[in-house]
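These are the residues of each chain, in order.
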2 protein chains.
Amino acid sequence: MTLLKSWVDSANSATTDFPLNNLPYGVFSIAGGAPRCGVAIGDQVLDVTALENDKLLVIADSAVLQQAVWNPLMELPADSWSSFRTQLIALLEDGAADQDKLTPHLYALADVQLHMPMRVSEFTDFYAGRYHATNVGTMFRGAENALPPNWLHIPIGYNGRASSVVVSGTPVQRPWGQLKGPDQELPAFMPSRRFDLELEMGAIVGNASQGPVSVDEADAMIFGYVLLNDWSARDIQAWEYQPLGPFQAKATATTISPWIVTAAALDSFRVSTPEREFELLPHLQDTGPMLYDIELSVTLAPDQKAATTIAQTNYSEMYYSAAQQLAHHTTSGCPMRTGDLLGSGTISGPEKSMRGSLLEISWGGKEPLTLDTGETRTFLEDGDTLTLQGHAQGDGYRIGFGDCSGTLVPALEKPYSR
Amino acid sequence: MTLLKSWVDSANSATTDFPLNNLPYGVFSIAGGAPRCGVAIGDQVLDVTALENDKLLVIADSAVLQQAVWNPLMELPADSWSSFRTQLIALLEDGAADQDKLTPHLYALADVQLHMPMRVSEFTDFYAGRYHATNVGTMFRGAENALPPNWLHIPIGYNGRASSVVVSGTPVQRPWGQLKGPDQELPAFMPSRRFDLELEMGAIVGNASQGPVSVDEADAMIFGYVLLNDWSARDIQAWEYQPLGPFQAKATATTISPWIVTAAALDSFRVSTPEREFELLPHLQDTGPMLYDIELSVTLAPDQKAATTIAQTNYSEMYYSAAQQLAHHTTSGCPMRTGDLLGSGTISGPEKSMRGSLLEISWGGKEPLTLDTGETRTFLEDGDTLTLQGHAQGDGYRIGFGDCSGTLVPALEKPYSR
């Protein structure tokens, strides 16, 4: 596929995240106004809530874009997703008829505030990157036992906390927690000293399900993708995670990028999962390419200073696709709902420069990272701004996600009123 | 406290679950009608949605009881909870004025269908019963290492799946899952063969929070309690739970009793948590009696046959109160929301007859249980109906929860369409 030309000039650049081929869905407001649904195009956002009101867009018999979240579209059948996208392309393509009617509903992205694009129903986080799992396993259990026995047979995951998912730009406060160092006899309650990022992709469930679904059905249920930073307090996690898994270590915040990039926009970037050491059982087997070739990076900028790229990797490094994760999620009959968010797990790659967490980059704090400013990091410092970026590279265009960014602010001085 | 007399005669019995002292909140429908909010009184349910429409009950400026869930009341400040309860008592007490206006809105419980009393925002399940954790730990790791090192310092919990919470009476289908027996080289995908119950209480969060809360604040946030059966597939759990905790093993269903018994109704049954081996850190310390003296039992009835009581225990056997669990849940800054449901963890006691799961009763399947019908059980068989019951015993009255019941139906013959 090549660049689709739009009458919105800025959408025709080879470096914009948002050409006509993309059309990601977000929620925005302008100073003093109420949040509404918008579609990014070049350096503009199109107010589609207004277009639905004006009948320039017709999706269903009743209103779909009036709730300032995309869940009502997501829960419609997938042919409504395509017909909406087709209408958007027709309105925005080069030579389209209604340009004068649309122009009043375009706002400069630089002038708007972005909000959560969806109501997150439930959040599940996986652990499905082999390089990450191997790195972490090697640190904790030695190279011989790096991967748990189940790892090559099912996408290991745990339920996270939907209430803690925030949109890019929301400050993240260093958490307090109970933790115990290896040299301490008793635990203490204090601010986390090993606070970390995790570079992930998030898959968003559109259509709900009641019983188990196949990998193909799961793939068709996925509405779109976002970048996702699953902030993690490693010291709280180390103390709490046996035997029932991470809990408060992962509950402070999870930041997502503000634009839902649709599965449709990513379709020509599908790639296969890697060759497998053990064949998966039939219900989890790949039936086609269900990962995506998405280049990913993370920068770290200390308080107001220049940013350093600390990791560069690709979503195609994952061992399991989101469709396989979602199929596994339903095996027990677990109902899935519109707005469920599935984190991929940390996406690291084979090279040291491809590690998606400071835990791996600093090898558990033993090998500090030197930033371009000359400062070093083992884990995050107050004032650090972390920014995830990602895009699929087409022929003369790219499908970008926009920034997924968050700044770490100091812990509460005293977390309790008494 | 003694029995409060009501003009609804059946509420004045010493054995009804629902005297005037209780007034639990549910959602009901009568044949062909829409679900609405109801309050149980004796063998009747009072249609409070109709009373709010008729202005016989006034809670807030706008309607609170029109959504067929109790979340709108739960999110109001706690003084609205008390004023609503005070109005209900005034309407239903012996000698009340408006009996003739209320009578048309009373329905026999025997004639109504009960629904989920709330929208569950998120579901967290704890592991906070010492006898249960010790039993399970002994089976899996030996008596010396039964309790993990963190267990006596924090209430261990994990996030569950809100979408799988169902109301009493909903059939539960035996799940498929990936599992691997100790003598198998590779895992298989098959219906669970070690499907189990877990006898728990559920605490319901009323008022939301944004940052960490104290134990006292947490106690004040809890709106009420339900009985809770956290169905568990032990064989799926054994294969999947390392290193990130239970996932599909706990996602088939969690059954709750249909009536929310308010914290106000239980207030005179408060008891303290047990003496502690290690003093808790200040942010988790008890500040008063925050457990409740609630007698609990479970019966198992094979397909259409007589029920056997398989466990009898008490909520006061817990090591951590729901308030302590909720306070811990917020330590990292995790936002809590109206409608969050917190499972206590399995409530076992010191005696063998007090074990709240078949895993413990049959000691991992090694000591089959003989039912009154002569049949034996290690884990559940298709057709088994499990019923949890509970009540706080007052002087000549009791605060009951109603049945929390579910029947296990056979697994899907083939869980996938392809």
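Predicted model, so just to flag it, every value in this text is computed and none were measured.

Considerations on the overall build of chain A
Right, so step 1: Counting secondary structure elements, chain A contains 10 helices and 27 strands.
Right, so step 2: Taking 2.2 N^0.38 as the reference for a compact globule, 418 residues should give roughly 22 Å; the C-alpha atoms of chain A span a radius of gyration of 21 Å, in line with that estimate.
Right, so step 3: With respect to the principal axes defined by its C-alpha atoms, chain A has extents near 70 × 50 × 45 Å.
Right, so step 4: Residues classed as buried in chain A amount to 63% of the 418 residues present.
Right, so step 5: For chain A, restricting intrachain contacts to residue pairs at least 6 apart in sequence, the fraction spanning at least 24 positions comes to 71%.
Right, so step 6: Total accessible area computed for chain A in this model is approximately 14,800 Å², and 49% of it derives from carbon and sulfur atoms.
Right, so step 7: Positive and negative charge centroids in chain A, built from 26 and 49 side chains respectively, lie 8 Å apart.

Quick notes on the interface of chain A and chain B
Right, so step 1: Tallying the contact residues gives 68 residues for chain A and 68 residues for chain B.
Right, so step 2: Run the count over chain A and chain B and you get 4 salt bridges.
Right, so step 3: Note that Arg161(B) is salt-bridged to Asp340(A), the shortest N-O span being 2.4 Å.
Right, so step 4: Scanning the region where chain A abuts chain B turns up 23 residue pairs in polar contact (both at pLDDT 80 or more).
Right, so step 5: Elements with a minimum of two residues in the side of chain A that touches chain B: strand 6 (123-126), strand 7 (157-159), strand 10 (176-179), strand 11 (188-191), helix 6 (215-221), helix 7 (234-240) and helix 9 (322-329) of chain A.
Right, so step 6: A per-class count over the side of chain A that touches chain B returns 34 nonpolar, 25 polar and 9 charged.

A closer look at the layout of surface pockets
Right, so step 1: Considered as a void within the structure, the largest pocket measures approximately 1,000 Å³ in volume.
Right, so step 2: If you go around the largest pocket, you meet 44 residues; those closest to its centre are Arg337(A), Val120(B), Ala162(B), Ser163(B) and Ser164(B).
Right, so step 3: Grouping the amino acids of the lining of the largest pocket by side-chain chemistry returns 21 nonpolar, 17 polar and 6 charged.
Right, so step 4: There is about 820 Å³ of room inside the second largest pocket.
Right, so step 5: As for the second largest pocket, its lining consists of 38 residues, of which Phe140(A), Arg234(A), Asp235(A), Gln237(A) and Ala238(A) are closest to the centre.
Right, so step 6: Elements with a contribution of two residues or more to the lining of the second largest pocket: strand 6, helix 5 (130-141) and helix 7 of chain A.
Right, so step 7: For the lining of the second largest pocket, the leading source of residues is helix 5 of chain A, giving 6 residues.
Right, so step 8: Among the residues making up the lining of the second largest pocket, the classes are represented as 17 nonpolar, 9 polar and 12 charged.

Observations concerning the sheet that holds strand 3 (residues 44-47) of chain A
All names here are of chain A.
Right, so step 1: Taken in spatial order, the 5 strands line up as 4-3-2-1-5 in an open sheet, and their pairing is antiparallel. Each edge of the open sheet is held by one strand with a lone partner, namely strand 4 (106-108) and strand 5 (113-115). Averaged over neighbouring strand pairs, the angle between their axes works out to 45° when direction is ignored.
Right, so step 2: The pairing of strand 3 with strand 4 spans 3 bridges and is classified as antiparallel. Within the sheet, the bridge partner assigned to glutamine 44 lies in strand 4 and is alanine 108.
Right, so step 3: Running at roughly 65° to strand 1 (residues 25-29), helix 3 (residues 78-92) makes contact with strand 1, strand 2 (36-41) and strand 3 of the sheet.

Quick word on the UniProt feature "active site" (unreviewed entry) in chain A
All names here are of chain A.
Right, so step 1: UniProt records the feature "active site" (unreviewed entry) at His132, using the numbering of this structure.
Right, so step 2: Within the element layout of this structure, histidine 132 appears in helix 5.
Right, so step 3: Those residues in contact with histidine 132, other than ones at most four positions away along the chain, are Tyr127, Glu198, Thr346, Ser348, Ser357 and Glu360.

Describing the packing of aromatic side chains
Residues and elements named next belong to chain B.
Right, so step 1: According to the stated counting rule, one finds 32 aromatic pairs over all chains in the structure shown.
Right, so step 2: With 5.7 Å between their ring centres and 45° between their planes, phenylalanine 28 and tyrosine 107 make a pair best called tilted. Placement of phenylalanine 28 in strand 1 (residues 25-29) and of tyrosine 107 in strand 4 (residues 106-108) is noted, with a sequence separation of 79 residues between them.
Right, so step 3: Residue phenylalanine 28 is classed as buried on the basis of its relative accessible area, which comes to 0%.
Right, so step 4: The residue whose ring lies beneath arginine 276 is tyrosine 319, and the NZ or CZ to ring-centre distance is 4.5 Å.

Regarding the UniProt feature "domain: Fumarylacetoacetase N-terminal" (unreviewed entry) in chain A
Right, so step 1: Using the residue numbers shown here, the UniProt feature "domain: Fumarylacetoacetase N-terminal" (unreviewed entry) corresponds to residues 21-117 of chain A.
Right, so step 2: For residues 21-117 of chain A, the helix share is 30%, the strand share is 22%, and the end-to-end C-alpha distance is 19 Å.

Examining helix 3 (residues 78-92) of chain B
Right, so step 1: Between its first and last C-alpha, helix 3 of chain B extends 21 Å over 15 residues, near the 21 Å set by a 1.5 Å rise per residue.
Right, so step 2: Turning to helix 3 of chain B, its buried residues number three or more, namely Ser80(B), Trp81(B), Phe84(B), Arg85(B), Leu88(B), Ile89(B), Leu91(B) and Leu92(B).

Considerations on the nonpolar core
Right, so step 1: The biggest cluster of nonpolar side chains holds 80 residues, and the ones touching the most others in it are Met201(B), Tyr225(B), Leu266(B), Ile294(B), Ile310(B) and Tyr315(B).
Right, so step 2: For Met201(B), the residues in contact, after removing those within four places along its chain, are Tyr225(B), Val226(B), Leu227(B), Leu228(B), Ile294(B), Leu296(B), Tyr315(B), Leu342(B), Gly343(B), Ser344(B), Ile347(B) and Phe401(B).

What to know about the domain arrangement of chain A
Many structure descriptions define interface size as the accessible area lost when the parts assemble.
Residues and elements named next belong to chain A.
Right, so step 1: Partitioning chain A into domains gives domain 1 (9-115) and domain 2 (123-409).
Right, so step 2: Computed over C-alpha atoms, the centres of domain 1 and domain 2 are 28 Å apart.
Right, so step 3: Tallying the contact residues gives 28 residues for domain 1 and 25 residues for domain 2.
Right, so step 4: Between domain 1 and domain 2, a total of about 2,100 Å² is buried, with carbon and sulfur atoms accounting for 64% of that surface.
Right, so step 5: Counting across the domain 1 and domain 2 interface gives 1 salt bridge.
Right, so step 6: Its salt-bridge partner being aspartate 17, residue arginine 398 comes within 3.6 Å of it at the nearest N-O pair.
Right, so step 7: Elements that contribute at least two residues to the side of domain 1 that touches domain 2 include exactly strand 1, strand 2, helix 2 (71-74), helix 3 and strand 5.
Right, so step 8: The class makeup of the residues in the side of domain 1 that touches domain 2 is 17 nonpolar, 8 polar and 3 charged.

Focus: the pairing of strand 25 (residues 385-393) of chain A
All names here are of chain A.
Right, so step 1: The sheet contact formed by strand 20 (residues 295-301) and strand 25 spans 7 bridges and is antiparallel. Bridge pairing in strand 25 links leucine 300 to leucine 386.
Right, so step 2: In the sheet, strand 25 pairs with strand 27 (residues 404-409) via 4 bridges, with the strands oriented antiparallel. Counterpart to leucine 388 in the pairing with strand 27 is cysteine 404.
Right, so step 3: Note: strand 25 against strand 26 (residues 398-400), 3 bridges, orientation antiparallel.

Digging into empty space enclosed by the protein
Right, so step 1: As enumerated under the stated definition, the model contains 5 cavities of 30 Å³ or more in all.
Right, so step 2: As a volume, the largest cavity reaches approximately 50 Å³.
Right, so step 3: Forming the boundary of the largest cavity are Phe123(A), Tyr158(A), Asn159(A), Gly160(A), Arg161(A), Asp230(A), Pro246(A), Phe247(A), Lys250(A), Ala251(A) and Asn159(B).

A closer look at the sheet that holds strand 2 (residues 36-41) of chain B
Residue and element names in this part refer to chain B.
Right, so step 1: An order of 4-3-2-1-5 is seen for the 5 strands of this open sheet, with the pairing classed as antiparallel. On the outer flanks of this sheet lie strand 4 and strand 5 (113-115), each paired with one strand and no other. Within the sheet, the average angular offset between the axes of one strand and its neighbour, ignoring direction, is 45°.
Right, so step 2: As paired elements, strand 1 and strand 2 share 4 bridges and run antiparallel to each other. Bridging across to strand 2, phenylalanine 28 finds its partner in arginine 36.
Right, so step 3: Strand contacts of helix 3: strand 1, strand 2 and strand 3 (44-47), with the helix running at about 65° to strand 1, the strand carrying the most contacts.

Here is what the cut-offs are and how they apply
- Residues numbered from 1 in each chain as written.
- Chains lettered and ligands numbered in written order.
- Predicted model: local features only at pLDDT ≥ 70, side-chain atom pairs only at ≥ 80, totals over all residues.
- Heavy atoms only, no water.
- Helix = DSSP H or I, 4+ residues; strand = E, 2+ residues; numbered from the N terminus.
- Rg over C-alpha atoms; globule rule 2.2 N^0.38 Å.
- Buried < 20%, exposed > 50% of the residue type's maximum accessible area, 1.4 Å probe, protein only.
- Contact = heavy atoms within 4.5 Å.
- Areas by Shrake-Rupley, 256 points an atom, 1.4 Å probe, with all protein chains shown as cover.
- Lys, Arg positive; Asp, Glu negative; His and termini not counted.
- Charge placed at Lys NZ, Arg CZ, Asp CG, Glu CD.
- Salt bridge = Lys/Arg side-chain N within 4 Å of Asp/Glu carboxyl O.
- Polar contact = N/O pair within 3.5 Å; in protein donor to acceptor, adjacent residues only side chain to side chain.
- Nonpolar A, V, L, I, M, F, W, Y, C, P; charged D, E, K, R; others polar.
- 1 Å grid on protein atoms, 1.4 Å probe; cavity = no way out; pocket = protein on both sides within 12 Å on 5 of 7 lines; lining within 4 Å.
- Points joined across faces, edges and corners; volume = space filled by probe spheres on them.
- Pairing = 2+ DSSP bridges.
- Axes fitted to C-alpha atoms, helices over the stretch in contact; angles between N-to-C directions.
- UniProt positions renumbered as here; feature names shortened; annotations may be inferred.
- Phe/Tyr/Trp six-rings, centres within 6.5 Å; stacked < 30°, edge-to-face > 60°.
- Lys NZ or Arg CZ within 6 Å of the ring centre and 35° of its normal.
- Expected span 1.5 Å × (residues − 1).
- Core = buried A, V, L, I, M, F, W, Y, C linked by side-chain atoms within 4.5 Å.
- Domains from an automatic or database assignment.
- Buried area = accessible area lost by both parts, 1.4 Å probe.

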